[in-house]
Amino acid sequence: MLLDILKSRRSIRKFQNKEIEQEKVDTILKSALLAPSSRSIRPWEFVAVTNKEIINQLSQSRDPGSGFLAGAPLAIAVIADHTLSDVWIEDVSIAATIIQLTAQDLGLGSCWIQVRERFHKEQETAGDYIREVLGIPGRYSVECLISIGYPDEEKKPYEEDMLKREKLHFDRF
């Protein structure tokens, strides 16, 4: 059930030194392509990276915040052609979430690494750095990187009694 997946999904930053089966990678990428988007424009694209050298380069995209990516067997750059849609940020965010939920459903852990509006170095954005590393054309914006792998840490699932129900409103605020 989706609610169980949502409760058990936690940000995982430590991964086993174990390759992800290609079938699971394919399932994750298919799920991303099924993500809804405004007016079905689908401005998103995905760069799946399993090459350790490239993953190590990507792990240096932000300081701090991306170093743990070096230990992941899979990184997915979630990008969009920002010239196609005025709501590309929302569209790629939905797709990135679906990637994480699919990974969780497959017994994998994941963590979102925010890229948009973050910096690699003082004069270079994390997005520009990643575009250079991955050869992404300039009309594409990078929203995030998602690290994926078999978890090498355990985190307790969320408990329903810990939910902030005061954030729920019915009929009126």
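Here's a quick rundown of the structure. Being a predicted model, the structure only gives us computed values, none of them experimental.

A word on a nonpolar patch on the surface
Inference 1: Together, Met1, Leu2, Leu3 and Leu6 line one region of the surface with nonpolar side chains, adding up to about 440 Å² of accessible area.
Inference 2: One can find leucine 6 in helix α1 (residues 2-8).

So, the environment of valine 87
Inference 1: Note on placement: valine 87 falls in the loop between β2 (74-81) and α4 (88-105).
Inference 2: The exposure class assigned to valine 87 is partly exposed, which follows from its relative accessible area of 23%.
Inference 3: Between the C-alpha atom of valine 87 and that of proline 43, which follows or precedes it by 44 residues, the distance is 9.1 Å.

A few points about the side chain of arginine 131
Inference 1: Take arginine 131: it is sitting in helix α5 (residues 126-134).
Inference 2: Given a relative accessible area of 18%, arginine 131 falls into the buried group.
Inference 3: Excluding residues within four positions of it along the chain, arginine 131 makes contact with Ile136, Pro137, Gly138, Tyr140, Ser141 and Val142.

As for the pattern of salt bridges
Inference 1: With the rule as written, the count across this model stands at five salt bridges.
Inference 2: Across the salt bridge formed by arginine 139 and aspartate 81, the nearest N and O atoms sit 2.9 Å from each other. Of the two residues, arginine 139 sits in the loop between α5 and β6 (140-149) while aspartate 81 sits in strand β2, which places them 58 residues apart along the sequence.
Inference 3: By relative accessible area, arginine 139 is classed as partly exposed at 42%.
Inference 4: Take aspartate 81: its relative accessible area is 7%, and that puts it in the buried class.
Inference 5: With a closest N to O distance of 2.6 Å, arginine 116 and glutamate 143 form a salt bridge. Of this pair, arginine 116 sits in the loop between β3 (109-114) and β4 (119-121) while glutamate 143 sits in strand β6, placing them 27 residues apart in sequence.
Inference 6: On the accessibility criterion, arginine 116 (25% relative accessible area) is partly exposed.
Inference 7: Beyond isolated ion pairs, a larger network of salt bridges with shared partners links Lys7, Glu160 and Arg165.

Looking at the packing of aromatic side chains
Inference 1: Considering all chains together, one arrives at one aromatic pair under this definition.
Inference 2: Ring geometry for tryptophan 44 and phenylalanine 46: centres 5.4 Å apart, planes at 35°, overall tilted.
Inference 3: We classify tryptophan 44 as buried; its relative accessible area is 7%.
Inference 4: What makes phenylalanine 46 buried here is its relative accessible area of 18%.
Inference 5: Of note, arginine 13 hangs over the ring of phenylalanine 68, and the distance from its end group to the ring centre comes to 5.7 Å.
Inference 6: Looking at lysine 18, its charged tip hangs above the ring of tyrosine 150, at a distance of 4.1 Å from the centre.

Focus on the layout of surface pockets
Inference 1: Taken as a whole, the largest pocket encloses approximately 150 Å³ of empty space.
Inference 2: Lining the largest pocket we find Ser8, Arg10, Ile12, Gln104, Gly107, Leu108, Gly109, Pro151, Glu153, Lys155 and Pro157.
Inference 3: Tallied by class, the residues present in the lining of the largest pocket amount to four nonpolar, four polar and three charged.

Remarks on the pairing of β6
Inference 1: With 10 of 10 residues buried, β6 is to be regarded as a mostly interior element.
Inference 2: Where β2 meets β6, eight bridges bridge the pair, whose relative direction is antiparallel. Paired with alanine 80 across the bridge in β6 is serine 141.
Inference 3: Of the strand pairs in this sheet, β3 and β6 are connected by six bridges, and their pairing is antiparallel. Note on β6: the bridge partner recorded for glutamine 114 is cysteine 144.

About the cut-offs
- Residues numbered from 1 in each chain as written.
- Predicted model: local features only at pLDDT ≥ 70, side-chain atom pairs only at ≥ 80, totals over all residues.
- Heavy atoms only, no water.
- Patch = residues over 30% accessible without salt bridge, like charges linked within 9 Å, V, L, I, M, F, W, Y side chains within 5 Å.
- Areas by Shrake-Rupley, 256 points an atom, 1.4 Å probe, with all protein chains shown as cover.
- Salt bridge = Lys/Arg side-chain N within 4 Å of Asp/Glu carboxyl O.
- Helix = DSSP H or I, 4+ residues; strand = E, 2+ residues; numbered from the N terminus.
- Buried < 20%, exposed > 50% of the residue type's maximum accessible area, 1.4 Å probe, protein only.
- Contact = heavy atoms within 4.5 Å.
- Phe/Tyr/Trp six-rings, centres within 6.5 Å; stacked < 30°, edge-to-face > 60°.
- Lys NZ or Arg CZ within 6 Å of the ring centre and 35° of its normal.
- 1 Å grid on protein atoms, 1.4 Å probe; cavity = no way out; pocket = protein on both sides within 12 Å on 5 of 7 lines; lining within 4 Å.
- Points joined across faces, edges and corners; volume = space filled by probe spheres on them.
- Nonpolar A, V, L, I, M, F, W, Y, C, P; charged D, E, K, R; others polar.
- Pairing = 2+ DSSP bridges.

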